[in-house]
Number of protein chains: 4
Amino acid sequence: MSNRFGEIYTLTSFGESHGPAIGGVVDGMPAGVPVDLDALQRMLDRRRPGQSAVSTPRREADRVEVLSGVYKGVTLGTPIGFIIRNTNQHSADYSEIERCYRPSHADYTYSVKYGVRDPRGGGRASARETAARVVAGALAMQVLDRLGITVRAYTMQIGSVALEPDYKSLDLSLGSIDSNVVRCPDAAVARAMVAEIGRARADGDSLGGIVGCVVSGAPAGLGDPVFGKLHARLASAMMSINAVKGFDYGLGFGFADRRGSEVNDRFVPDGHGGLRTATNNSGGIQGGISNGEDICMRIAFKPVPTLMRDVQTVDTSGQPVVLHASGRHDPCVIPRAVPVVEAMAAMVVLDSYLINKTARL
Amino acid sequence: MSNRFGEIYTLTSFGESHGPAIGGVVDGMPAGVPVDLDALQRMLDRRRPGQSAVSTPRREADRVEVLSGVYKGVTLGTPIGFIIRNTNQHSADYSEIERCYRPSHADYTYSVKYGVRDPRGGGRASARETAARVVAGALAMQVLDRLGITVRAYTMQIGSVALEPDYKSLDLSLGSIDSNVVRCPDAAVARAMVAEIGRARADGDSLGGIVGCVVSGAPAGLGDPVFGKLHARLASAMMSINAVKGFDYGLGFGFADRRGSEVNDRFVPDGHGGLRTATNNSGGIQGGISNGEDICMRIAFKPVPTLMRDVQTVDTSGQPVVLHASGRHDPCVIPRAVPVVEAMAAMVVLDSYLINKTARL
Amino acid sequence: MSNRFGEIYTLTSFGESHGPAIGGVVDGMPAGVPVDLDALQRMLDRRRPGQSAVSTPRREADRVEVLSGVYKGVTLGTPIGFIIRNTNQHSADYSEIERCYRPSHADYTYSVKYGVRDPRGGGRASARETAARVVAGALAMQVLDRLGITVRAYTMQIGSVALEPDYKSLDLSLGSIDSNVVRCPDAAVARAMVAEIGRARADGDSLGGIVGCVVSGAPAGLGDPVFGKLHARLASAMMSINAVKGFDYGLGFGFADRRGSEVNDRFVPDGHGGLRTATNNSGGIQGGISNGEDICMRIAFKPVPTLMRDVQTVDTSGQPVVLHASGRHDPCVIPRAVPVVEAMAAMVVLDSYLINKTARL
Amino acid sequence: MSNRFGEIYTLTSFGESHGPAIGGVVDGMPAGVPVDLDALQRMLDRRRPGQSAVSTPRREADRVEVLSGVYKGVTLGTPIGFIIRNTNQHSADYSEIERCYRPSHADYTYSVKYGVRDPRGGGRASARETAARVVAGALAMQVLDRLGITVRAYTMQIGSVALEPDYKSLDLSLGSIDSNVVRCPDAAVARAMVAEIGRARADGDSLGGIVGCVVSGAPAGLGDPVFGKLHARLASAMMSINAVKGFDYGLGFGFADRRGSEVNDRFVPDGHGGLRTATNNSGGIQGGISNGEDICMRIAFKPVPTLMRDVQTVDTSGQPVVLHASGRHDPCVIPRAVPVVEAMAAMVVLDSYLINKTARL
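Residues numbered from 1 in each chain as written. Chains lettered and ligands numbered in written order. Predicted model: local features only at pLDDT ≥ 70, side-chain atom pairs only at ≥ 80, totals over all residues. Heavy atoms only, no water.

1. Quick word on the overall build of chain A
Here is the rule we go by: Secondary structure counts use DSSP, requiring at least four H or I residues in a row for a helix and at least two E residues in a row for a strand, with both numbered from the N terminus. For a compact globule the rule gives 2.2 Å times the number of residues to the power 0.38, and the radius of gyration it is set against comes from C-alpha atoms. Only protein chains enter the accessibility calculation, which uses a 1.4 Å probe; a residue whose area is less than 20% of its type maximum is buried, one above 50% is exposed, and one in between is partly exposed. Pairs of residues are marked as contacts when any of their non-hydrogen atoms sit within 4.5 Å. In this count, Lys and Arg are taken as positive residues and Asp and Glu as negative ones, while His and the chain termini are left out. A charge is said to be at NZ when it belongs to Lys, at CZ for Arg, at CG for Asp and at CD for Glu.
What chain A contains, in helices and strands, is eight helices and 19 strands. Relative to its length of 361 residues, chain A is compact, with a C-alpha radius of gyration of 21 Å against a globular reference of 21 Å. Counting only C-alpha atoms, chain A reaches 70 × 50 × 35 Å along its principal axes. Within chain A, the proportion of its 361 residues that are buried is 68%. Considering only contacts within chain A whose residues lie at least 6 apart along the sequence, 68% involve residues at least 24 apart. Separation between the mean location of the 39 positive side-chain charges and that of the 37 negative ones in chain A comes to 2 Å.

Rendered as structure tokens:
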């Protein structure tokens, strides 16, 4: 069951990095929604390796093939199966991994858990799996579009280079975010990030970072007590992305040293007969339920463990070995993680939207 | 479905703060495990209000009554139903809430979502609900005990007063943690925290903070690819606790500005023919699966929104009102949240342990 | 997870026959629905033993206590927890069962599966558990009422005495069904059934039978491809009731020796601009989805295995023993099973109704 | 969620009859199990149309392509994705269906539910979907084989021609069952069935029937109280197969007119220090849990609604039309349904086996 995500709008994903294909099944897509398969491919292209100087030079075609659930450009309400062929695998590159456990990778834990593992490119533990999420998320985003809900992720921090935390002054349009290779909506900061990545690459090293995500236009009422709180679903979604180590929303960890009187969000009339809050420290969610304000969150990534230098580790019998890193690896996954974060947020929001339709008769 | 937590070991909870009772059903408890119902009550007593000068003076009996699933002190493998009567409610205290939306509370979002709400003591949104979690978690802990797994939460930070992040030098025994009213395992820091709370109370204000949690003795192999990563389950668990706004594990957000070469966890022989890691930046989880090291995490709480001073807000028709806070409220929930964090971690670990039994034939 | 039923409208039940209480949690009840707790109790009274000469003389109070989820007579959208105290248990009656396995009971299988069992009154395997279903079903029926959907079960067959299969000529009002102790809506057949039960009781024997159930007023569109077919959900619901051994709907097993040309349901105008079918051999469901016609099904029960005579069996070490039946047992459970069947059908229909709200945007 | 089946061992299926492909994802397959992909294809071939004179002359290649989860012939514990291309569709054959509702098909109910439908070959409602089940079931059977558990389905009845109900005297080997085109393990009865089908075909008519299924070698302990009873899971599984209208197990509907004293299954020593039952009216399940005896059940199918003659029906605006049946259709699906029934039973038994591993610590 662990390869399924969601309650009503669900993705079941499959595939190893270097098997014949990866793919997934989206079950729970509402019927009658026009979908644009070209736009779907374009979202997937944003995650693709080999896009720029800062990402791995691998050039995978990553063509998504939709196999069901759509007829004459409209969703049928039936499951949408899709596959993405793995066309560029070079199993020879990975032969060494079969005999050793790479530090801070999943080699060891998969071996202990299952007794077997596919060593080629990380197998199921590879971030290649996230391509299936981007497909399911891009489909969700097309539905959210029709509901006036926008989901936008962007790079907040790479290594020591960080944006100011407040996103209000940023241009979070897709054009703005994708205007540079690091997907940071501030051109000057983006240049500093590119330089930071360049330095890490020169050292054969890698960098962590933080992705921000903002959902705007979501109606009040999404999310459910008690265990289905909207931010609990978002946290689960984000923490399931490879290399993610932390999640917060609104002021998040910044709440810890604050007093209630400083951070409570006062209600004010919204000018249309309703309410909104004067500030949004709550991050758009109160009591686990969206309140109509922007839903904003941060997702922290560790540096990718693969380094382009010799690494001391052990083989599967526990003997010390030196790994001669090879292959093609991003020194920093943050720019390519941006569409994955977006996808996961979109799935959670759509799922919560559909669940909310059952809250009243 | 949103009031159920877990896959195999599950809690379904129910109850409003000021209804007749709260309670829950634990389904999936393995059969044949001796359980100590007195120890269960003692764990619940740790969450109870009115324990100390730093928490609310309410004195609720909070007696758990186990109704099923245990026969002659041994689990039957059938569901364990339990209730905790609400004996100390004073509905009169809460009449004002019916007519207005308190800032940063769930009053508004519940009203928008459901069209109705129980205004007494926060209803379902009250943290009183977490008592059911403590019961289910304490049961899980009794099982984990037999497996040599220990779960321990403690106060890391209250307002501006914080422990050093490294827990290795701390005495995380229950006796140590519970030796002071703030549940901080460092006596000097604890005293500073008590003083911090005193200052906030004097101002009618409230404080946020951070709870740490360490799971030791867990075998390698717990957690599942892809969406069932152990830390994704833990994040979902912790984020579902009232007032939680952030979660990370291992170095967490601290990874963001680090390089891979600094933070990768090198494998070393464990001296018994197996492996362990020289450092534990990964927080005991690699690729979503436990690696046998301590599983350590941080959970950030916002200050409770209820202040013991007049608060500007709006009534349900949007008109400005001043709320004259009354009743009895903790200025800081961190000490009482410690057993709740422990309970959620215990449920996740036991659930993952049981799921893992199905990973191989 | 096995003690939970449903997807959106769910019941999680708990309780052993002779423990302190049985009960359950209904999660997924829509908010804002007025509920009548007295009517709830009346539905529960229909299942109660000791109602008539044909059922066991035990007189259990069976008072349901609703603990949450309802405020001022209206559902809150939060879980409805409830308990029913076990007030009439006589554990002494059941001491013999601890030492032996009764034929065609669950004593042996529970022992093998769990290693432990509660021998008092069958423990969790007792049909007493179905009281929780009646509560959850009665709540569902109150919601269905508002939607114009009626669920009605009745006794079709007891032993060798059976109604004609076509229900169209029967008066399926509650008053008609409950006008006799066997719940058969044909007075003459009912009298023959009473006589049949009397003969079995005189012999210390027991009888099987068939319960029919008709859902009328359900809109077209309930049920989901592929595994969530409406009749698959109904089958699962009914087969989970104690002593049920068979389920069919529409012509059911009667289809086996028929030709398509005889049994296809021809479409005809319904006189209001829509369609209906000239016949209803399909039982109101086509392709797993309701078509607006009556949903009709049959549920076959085995005779209760407890006989009021000496029975040859084995003790837990495999040695032959003679069981001297005692206690108070129905020779035929069919009349008391009628409200249980109704309850399960109501839960399935409401659940499917709520799920269907997510089929389109 | 409705396109997923199972709890631990799960199939999520997708695909319309005439889209690019059908397929599925098996999640929860235990790691380290050798699988034979050729044997998988052979099981799938048994379901294929065009195998014999009694089934449709369509010749679909139906080649299953396994895309993940298996490495060097051994399961990885990761999801097994697979697809089967739809190679033989002739959309032109089905153009008429777009404009009308065929009697006793799913055309009308899908249209009402979703507002859209794929008319080509029945779309998602086509029995072609069951090919995905056969793949998932054949994988399950390979696991069960290693556990000494055998699942065997066979044709019990076609139209008016039926086997004797007791299967004990039959040869239920695969060779025996597949020795004739109707999959009836009695050669004389099989010949009568072939003749019955021939008569129906000559009339352009279709036939219902009954499939039997026997699971042998299953250990005691499979199945869970209360809603997860083994036979409730089996019923749900079987009722979800296209055209199934009834399910029973053991004596099933035959219990209705029997007395307890006639049908109770007496325990006797099994000669190896354990117990078995002298008779098996219970069908191998007591209290919802397997008791170690054969698990035997019956599944009733309606005649396929498509007739090879002109059929009176209505178009989508309710006007009468005559459908000129064309294309290629089985007059009786029973022989091809046999491997589907087997597959569903195998999935349920393996799933229950895996769940049972969590019943004790």
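2. Structural notes on the interface of chain D and chain C
The accessible area lost on association of the parts is a frequent measure of interface size. This is how the line gets drawn: Put simply, buried area is how much 1.4 Å-probe accessible surface two parts lose in total, over both of them, once they are put together. Take a side-chain nitrogen of Lys or Arg and a carboxyl oxygen of Asp or Glu: if they are within 4 Å of each other, that pair is a salt bridge. Contacts described as polar in this section are N or O atom pairs within 3.5 Å, which, within protein, must combine one atom able to donate a hydrogen with one able to accept it, while residues neighboring in sequence count only if both atoms come from side chains. One bridge is not enough; two strands pair if DSSP finds at least two bridges between them.
The interface is formed by 103 residues belonging to chain D together with 102 residues belonging to chain C. Counting the surface lost from both chain D and chain C, the interface buries some 7900 Å², and carbon and sulfur atoms represent 62% of this. Considering only the side of chain D, the residues that lose the most area to chain C are Lys113(D), Phe227(D) and Lys245(D), jointly responsible for 11% of the buried surface there. The tally of links between chain D and chain C comes to six salt bridges. We note a salt bridge from Arg259(D) to Asp205(C), for which the minimum N-O separation is 3.8 Å. On inspection of chain D and its partner chain C, the count reaches 53 residue pairs in polar contact (both at pLDDT 80 or more). Element by element, the count of residues in the side of chain D that touches chain C is highest for helix α3 (residues 107–114) of chain D, at seven residues. Across three bridges, the pairing between strand β12 (residues 244–249) of chain C and strand β12 (residues 244–249) of chain D is antiparallel. Each bridged residue has a counterpart across the sheet, and for Phe247(C) the counterpart in β12(D) is Phe247(D).

3. So, the confidence of the model for chain A
Applied cut-off: In predicted models, pLDDT denotes the confidence assigned by the predictor to each residue on a 0 to 100 scale.
With 94% of its residues at a pLDDT of 70 or more, chain A shows a mean pLDDT of 94. Across the predicted assembly, pTM comes out at 0.97 and ipTM at 0.96.

4. Thoughts on the packing of aromatic side chains
The condition that has to hold: Classification of ring pairs uses Phe, Tyr and Trp, with its six-membered ring standing for Trp, and accepts pairs whose centres are within 6.5 Å; under 30 degrees between planes counts as stacked, over 60 as edge-to-face, and the remaining range as tilted. Cation placement over rings: the criterion is NZ of Lys or CZ of Arg within 6 Å of the ring centroid and within 35° of the ring normal.
Here the structure, examined in full by the defined rule, presents 22 aromatic pairs over all chains. Ring geometry for Tyr101(A) and Phe267(B): centres 6.2 Å apart, planes at 55°, overall tilted. Highlighted residues: Tyr101(A) in strand β8 (residues 100–101) and Phe267(B) in strand β13 (residues 267–269), drawn from two different chains. Owing to a relative accessible area of 4%, Phe267(B) belongs among the buried residues under this scheme. These aromatic residues form a ring-pair network of at least three members: Tyr101(A), Tyr108(A) and Phe267(B). The ring centre of Tyr114(A) lies 5.8 Å from the NZ or CZ of Lys113(A), which sits over that ring.

5. Brief notes about the pattern of salt bridges
Evaluated as defined, the whole model comprises 89 salt bridges over all chains. Between Arg298(C) and Asp248(C) there is a salt bridge whose closest N-O contact spans 2.8 Å. With Arg298(C) in strand β17 (residues 295–301) and Asp248(C) in strand β12, this pair connects stretches of sequence that are 50 residues apart. Residue Arg298(C) is classed as partly exposed on the basis of its relative accessible area, which comes to 26%. Salt bridges sharing partners connect three or more residues here, namely Arg46(A), Asp178(A), Arg183(A) and Glu342(A).

6. Looking at helix α4 (residues 130–146) of chain B
Residue pairs three or four apart in sequence face the same way in an α-helix, which turns once every 3.6 residues. All names here are of chain B. Cut-off, in case you're wondering: Here the expected span of a helix is defined as 1.5 Å times the quantity of residues minus one.
Over its 17 residues, α4 extends 25 Å from the first C-alpha to the last, a length consistent with the 24 Å expected when each residue adds 1.5 Å. With 15 of its 17 residues buried, α4 lies for the most part within the structure. With its phi angle positive at about 75°, Gly148 sits one or two positions after the end of α4.

7. Points about the interface of chain C and chain A
In plain terms, the rule: Amino acid classes used here: Ala, Val, Leu, Ile, Met, Phe, Trp, Tyr, Cys and Pro are nonpolar; Asp, Glu, Lys and Arg are charged; the rest, including Gly, are polar.
Each partner contributes to the interface: chain C provides 13 residues, whereas chain A provides 13 residues. The junction of chain C with chain A conceals about 1300 Å² of combined surface from both sides, 68% of it contributed by carbon and sulfur atoms. Of all residues in chain C, the largest losses of buried area upon contact with chain A belong to Lys357(C), Thr358(C) and Leu361(C), amounting jointly to 51% of the total for that side. Applying the counting rule to chain C against chain A returns six residue pairs in polar contact (both at pLDDT 80 or more). Of the residues assigned to the side of chain C that touches chain A, the class counts are ten nonpolar, one polar and two charged.

8. A short note on the relation of the copies chain C and chain A
Where we set the bar: A least-squares fit on C-alpha atoms brings the copies together, and the residues used are those whose pLDDT is at least 70 in both copies.
By a simple turn and slide, chain C fits onto chain A: the slide is 0.0 Å along the axis, the RMSD is 0.0 Å, and the turn is 180°. This pairing of chains is accounted for by a two-fold axis. In terms of C-alpha distance to the rotation axis, chain C has Lys357(C) as its closest residue, with the C-alpha 3.2 Å off the axis. Looking at chain C, 100% of its interface residues are interface residues in chain A too, so the copies touch through the same face.

9. Focus: the relation of the copies chain D and chain C
Screw-axis analysis of chain D against chain C gives a translation of 0.0 Å along the axis, an RMSD of 0.0 Å, and a rotation angle of 180°. In this assembly, 99% of the residues forming the interface of chain D have copies in chain C that are likewise at the interface, indicating an isologous arrangement.

10. Overview of the environment of Asp38(A)
Its place among the elements puts Asp38(A) in helix α1 (residues 37–47). Taking the C-alpha atoms as reference points, Asp38(A) and Ala162(A), 124 residues apart in sequence, are found 33 Å from one another.

11. Description of helix α5 (residues 187–202) of chain C
All names here are of chain C. What counts, and what does not: The reported arc concerns the directions from the helix axis to the C-beta atoms and nothing else.
Compared with the 22 Å implied by 1.5 Å per residue over 16 residues, the 23 Å span of α5 between its first and last C-alpha is a close match. Within the sequence span of α5, burial applies to Val189, Ala190, Met193, Glu196, Ile197 and Ala200. The arc that holds every buried residue of α5, seen down its axis, measures 115°, which confines them to one face. Opposite the buried face of α5, at more than 90 degrees from it, the exposed residues are Arg191 and Ala202. At the N-terminal boundary of α5, the capping side chain belongs to Asp186, with an oxygen 3.0 Å from the backbone nitrogen of Ala188. The positive-phi residue at the C-terminal boundary of α5 is Gly204, with phi of around 65°.

12. Things to note about the sheet that holds strand β9 (residues 150–158) of chain B
Filter applied, for reference: Orientation is described by axes fitted as lines to C-alpha atoms, over the contacting stretch for helices, and by angles from 0 to 180 degrees between their N-to-C directions.
Strand order across the open sheet formed by ten strands is β10(A)-β9(A)-β11(A)-β17(A)-β12(A)-β12(B)-β17(B)-β11(B)-β9(B)-β10(B), with antiparallel pairing between neighbours. This sheet does not close on itself; its edge strands, each paired only once, are β10 (161–162) of chain A together with β10 (161–162) of chain B. Each of β9 (150–158) and β10 of chain A touches helix α5 (residues 187–202) of chain A; the most contacted strand, β9(A), lies at about 55° to it. Helix α8 (residues 334–356) of chain A rests against β9, β11 (209–216) and β17 (295–301) of chain A of the sheet, and its axis sits at about 145° to β9(A).

13. Topic: the pairing of strand β3 (residues 21–27) of chain D
Residue and element names in this part refer to chain D. Of all seven residues in β3, seven are buried; the element is thus mostly enclosed. Alternating positions in β3 separate into two faces, Ala21, Gly23, Val25 and Asp27 on one and Ile22, Gly24 and Val26 on the other, with burial throughout. By the bridge criterion, five bridges tie strand β2 (residues 10–14) to β3 in an arrangement that is antiparallel. From the neighbouring strand, Ser13 faces β3, where its bridge partner is Gly24. Here β2 hands over to β3 after six residues, with Gly15 in that stretch at a positive phi of 120°.

14. Notes on unusual backbone geometry
In this model, Pro225(B) is joined to Val226(B) through a cis peptide bond whose omega is 0°. Examined against the element boundaries, Val226(B) turns out to sit in the loop between β11 (209–216) and α7 (230–239). You will see that Lys72(A), though not glycine, has its phi angle at about 50°, which is positive. Its place among the elements puts Lys72(A) in the loop between β5 (70–71) and β6 (74–75). For Ala243(A), which is not glycine, the phi torsion reads 75° and is therefore positive. Looking at the element boundaries, Ala243(A) is found in the loop between α6 (230–239) and β12 (244–249).

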